[in-house]
Amino acid sequence: MRVLVTGGAGFIGSALVRLLVGEGDVEVLNFDKLTYAGNPNSLRSIANKPNYQFVQGDIADRGAVDAALAVFRPNAIMHLAAESHVDRSIAGADDFINTNIVGTYTLLEAARAYWRALGEAEREAFRFLHVSTDEVYGSLGSEGLFTETTRYDPSSPYSASKAASDHLARAWMRTYGLPVLISNCSNNYGPYHFPEKLIPLVILNALEGKSLPVYGDGSNVRDWLFVEDHARALWTIVRTGRPGETYNVGGHSERSNLTVVETICDVLDGVVGGSSPRRELITFVTDRPGHDQRYAIDAGKLEAELGWQPLETFETGIRRTVQWYLDNDWWWRPIRSGVYKGERLGLVAS
Ligand code: NAD
C-alpha cells in the first residue's frame with residue numbers, strides 16, 4: 001500500500017509516519033511545508049528507511065500536489081497538514097485560512113482529479129482521510145459528550161477554519177463521490193509535541209524551575225489522547241472505515257487543565273526530585289479569549305465498528321511523556337533556544 005501523508009513532520013503526523021514506516025510493507029510519502037511546527041528531527045528514527053520519502057511542499061500549491069500524486073501514485077491520502085495552535089490563530093488567522101481552508105480545498109481538488117483517472121479497481125479502493133478536531137463542536141457544559149452528530153459550533157479562528165475544511169471534505173464526498181472519511185479527535189499529548197502546547201510547555205518549564213502558566217482558574221476540561229493511540233486510530237479508519245463516515249477519536253481521559261499541570265508536577269517530583277514541590281511554580285494567568293470550557297469525546301462508534309481502543313490511560317501516558325522529555329533533550333533544546341522560547345501567545349489587544 002502507498003500512503004501520502006500531509007503534515008507528516010508535525011506532532012501527530014510524525015507519530016503516524018513512524019507507525020506506517022514501521023509496518024514495513026507500507027510505502028510512505030510525507031508531503032510537508034516544514035513550517036515552524038514541522039520538524040525533521042521527529043522523523044530521525046525512520047528517515048533512512050527504504051519505504052519512506054519526503055517532499056517539501058505546500059498543500060495550497062496545486063502544481064506541487066499534482067506532481068507528488070503523479071509520481072508517488074498513492075492508494076490513500078491521510079491529510080494532517082494544518083495550522084494547529086489556537087493561540088496563534090487568535091494572534092493572526094491568515095495562515096489558518098490559507099492552509100486549513102484553501103490548502104484543504106486544493107488538496108481535495110488535486111485528489112479528485114488523480115482519483116478520477118485511476119483504473120476501476122484502484123478507484124474503488126482509494127481513500128482520503130481528513131483529520132480534524134473535536135473543537136469544531138464548540139464547548140460542552142459539565143455533562144454530555146461530543147458524538148459524530150453533534151452540531152458544529154466552533155469558537156476560535158482555528159476551530160472555525162477546521163470546521164470549514166470538514167465541510168469541504170464532506171461535500172467532495174457527497175458531490176463528487178471522492179471516498180472521504182473524516183476523524184475528529186480530542187487533545188493529543190505525547191513525545192515530539194512542540195513545546196508551545198500545554199503539556200510539553202509545563203514539563204519543560206517545571207524542569208527549568210520556571211513558572212507554570214494556567215489559563216483562567218484552570219477549570220477548563222480536555223479529553224486527553226496519547227498520540228500513538230491516535231496514530232493507530234487513523235490507520236484503522238483509513239483501512240477499515242466506511243467512506244462518507246465520520247469517526248470521533250478520544251481517550252476517555254477527561255482532566256481539568258489544573259489537574260494536568262499538578263499531575264506533571266507530581267510525576268517530575270517523583271522521578272527527578274527537587275528542593276521544593278513543583279506545584280509551587282503554578283501561576284494563574286489571563287484566560288484565553290473565547291476559551292471553550294469542556295471537550296469530551298464519545299468514541300463508541302470507532303470502538304464498536306472498527307474495534308479500536310486506546311492503550312494508554314492518562315496516568316500511564318503522562319509518565320511515558322515526561323520520561324521521553326527527560327531522555328530526549330536533543331530534540332527539544334534547539335526549539336527552546338530558537339523558534340519558540342515559551343512566551344505567551346494569543347492575547348487580544350484591548
Ligand atoms: P502540528 O502543528 O504539530 O503539525 C502540522 C504540520 O503540518 C507541520 O509539520 C507543518 O509543517 C505542516 N504544514 C502546515 N502548513 C502546511 C502546508 N500549507 N502545506 C504542507 N504542510 C503544512 O499539528 P498536529 O498537532 O500534528 O495536528 C495534525 C492534525 O491533527 C491537524 O489537522 C490538527 O488540526 C489535527 N488535530 C490535532 C490535535 C492536537 O491535539 N494536536 C487534536 C485534534 C486534531
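What this report covers is the structure whose coordinates are included nearby.

Reading the values: the criteria
- Residues numbered from 1 in each chain as written.
- Predicted model: local features only at pLDDT ≥ 70, side-chain atom pairs only at ≥ 80, totals over all residues.
- Heavy atoms only, no water.
- Buried < 20%, exposed > 50% of the residue type's maximum accessible area, 1.4 Å probe, protein only.
- Helix = DSSP H or I, 4+ residues; strand = E, 2+ residues; numbered from the N terminus.
- Pairing = 2+ DSSP bridges.
- Patch = residues over 30% accessible without salt bridge, like charges linked within 9 Å, V, L, I, M, F, W, Y side chains within 5 Å.
- Areas by Shrake-Rupley, 256 points an atom, 1.4 Å probe, with all protein chains shown as cover.
- Salt bridge = Lys/Arg side-chain N within 4 Å of Asp/Glu carboxyl O.
- Near = heavy atom within 4 Å.
- Polar contact = N/O pair within 3.5 Å; in protein donor to acceptor, adjacent residues only side chain to side chain.
- Nonpolar A, V, L, I, M, F, W, Y, C, P; charged D, E, K, R; others polar.
- 1 Å grid on protein atoms, 1.4 Å probe; cavity = no way out; pocket = protein on both sides within 12 Å on 5 of 7 lines; lining within 4 Å.
- Points joined across faces, edges and corners; volume = space filled by probe spheres on them.
- Phe/Tyr/Trp six-rings, centres within 6.5 Å; stacked < 30°, edge-to-face > 60°.
- Expected span 1.5 Å × (residues − 1).
- Contact = heavy atoms within 4.5 Å.
- Core = buried A, V, L, I, M, F, W, Y, C linked by side-chain atoms within 4.5 Å.

## A few points about the pairing of strand β6 (residues 180-185)
Counting buried residues in β6 gives six out of six residues, a clear majority hidden from the surface. Across six bridges, strand β5 (residues 127-133) lies against β6 in parallel orientation. By the bridge assignment for β6, Ser 132 is matched with Asn 184. As defined by bridge partners, β6 adjoins strand β11 (residues 246-249) across four bridges and the pair is classed as parallel. Pairing of Ile 182 across the sheet is with Thr 246, part of β11.

## Let's talk about a nonpolar patch on the surface
Together, Ile 97, Val 102 and Tyr 105 line one region of the surface with nonpolar side chains, adding up to about 240 Å² of accessible area. With respect to the helices and strands, the residue Tyr 105 is situated in helix α4 (residues 94-116).

## With respect to the site of the ligand
The environment of the ligand is made up of 29 residues, and the closest members are Ile 12, Asp 32, Ser 84, Tyr 158 and Lys 162. Measuring from a nitrogen atom of the ligand, one finds a side-chain N or O atom of Asp 58 at 2.9 Å. Separating a nitrogen atom of the ligand from a side-chain N or O atom of Thr 99 is a distance of 3.0 Å. Look at the ligand: alone it shows 840 Å² of surface, and the protein chains cover 96% of it. Within the residue set of the shell around the ligand, elements represented by two or more residues are α1 (11-23), β5 and α6 (157-176). Of the residues that constitute the shell around the ligand, the class distribution is twelve nonpolar, 13 polar and four charged.

## A short note on empty space enclosed by the protein
Within the structure shown, the criterion is met by two cavities of 30 Å³ or more. When its volume is computed, the largest cavity comes out at roughly 50 Å³. Along the walls of the largest cavity sit Val 86, Glu 135, Ser 155, Ser 156, Ser 159, Arg 222, Arg 288, Gly 290, His 291, Asp 292 and Tyr 295, which together make up its complete lining. A per-class count over the lining of the largest cavity returns two nonpolar, five polar and four charged. Quantified by volume, the second largest cavity comes out at close to 40 Å³.

## Describing the pattern of salt bridges
The final tally for this structure, using the stated rule, is 19 salt bridges. A salt bridge links Arg 112 to Glu 109; the nearest nitrogen and oxygen atoms lie 2.9 Å apart. With a gap of three residues between them, Arg 112 and Glu 109 both fall in helix α4, about one helical turn apart. Judged by its relative accessible area of 15%, Arg 112 falls in the buried class.

## Considerations on the packing of aromatic side chains
According to the stated counting rule, one finds 16 aromatic pairs in the structure shown. An angle of 40° between the planes, with centres 6.2 Å apart, marks the rings of Phe 146 and Tyr 295 as tilted. In this pair, Phe 146 sits in the loop between β5 and α6 while Tyr 295 sits in the loop between β13 (282-285) and α10 (300-306), placing the two residues 149 residues apart along the sequence. According to the relative accessible area criterion, Phe 146 is buried, its value standing at 1%. Look at Tyr 295 and you get buried, because its relative accessible area is 2%. What links up through ring pairs into an aromatic cluster is the set Tyr 137, Phe 146, Tyr 152 and Tyr 295.

## Observations regarding helix α9 (residues 257-272)
Along its 16 residues, α9 runs 22 Å from first to last C-alpha, staying within 8% of the 22 Å computed at 1.5 Å per residue. Of all the residues in α9, the buried ones are Asn 257, Leu 258, Val 260, Val 261, Thr 263, Ile 264, Cys 265, Val 267 and Leu 268. Tucked into the core, α9 has its buried residues touching α7 (198-207), β8 (212-215), β9 (221-223), β12 (254-256), β13 and α11 (314-327).

## Comments concerning the nonpolar core
Inside soluble globular proteins, nonpolar side chains tend to come together where they are buried. If you look at the biggest cluster of nonpolar residues, it comprises 36 residues, and the most contacted ones within it are Leu 20 and Met 78. When residues of this core are traced back to their parent elements, those giving at least two are β1 (2-6), α1, β4 (76-79), β5, β6, α8 (227-240), β11 and α10. The leading source of residues in this core is α8, at seven residues. Ignoring anything within four residues of it in the chain, the contact list for Leu 20 reads Val 3, Val 5, Val 26, Val 28, Asn 51, Met 78 and Trp 235. With 28 residues, the next largest nonpolar core counts Tyr 189, Val 267, Leu 268 and Phe 314 among its residues.

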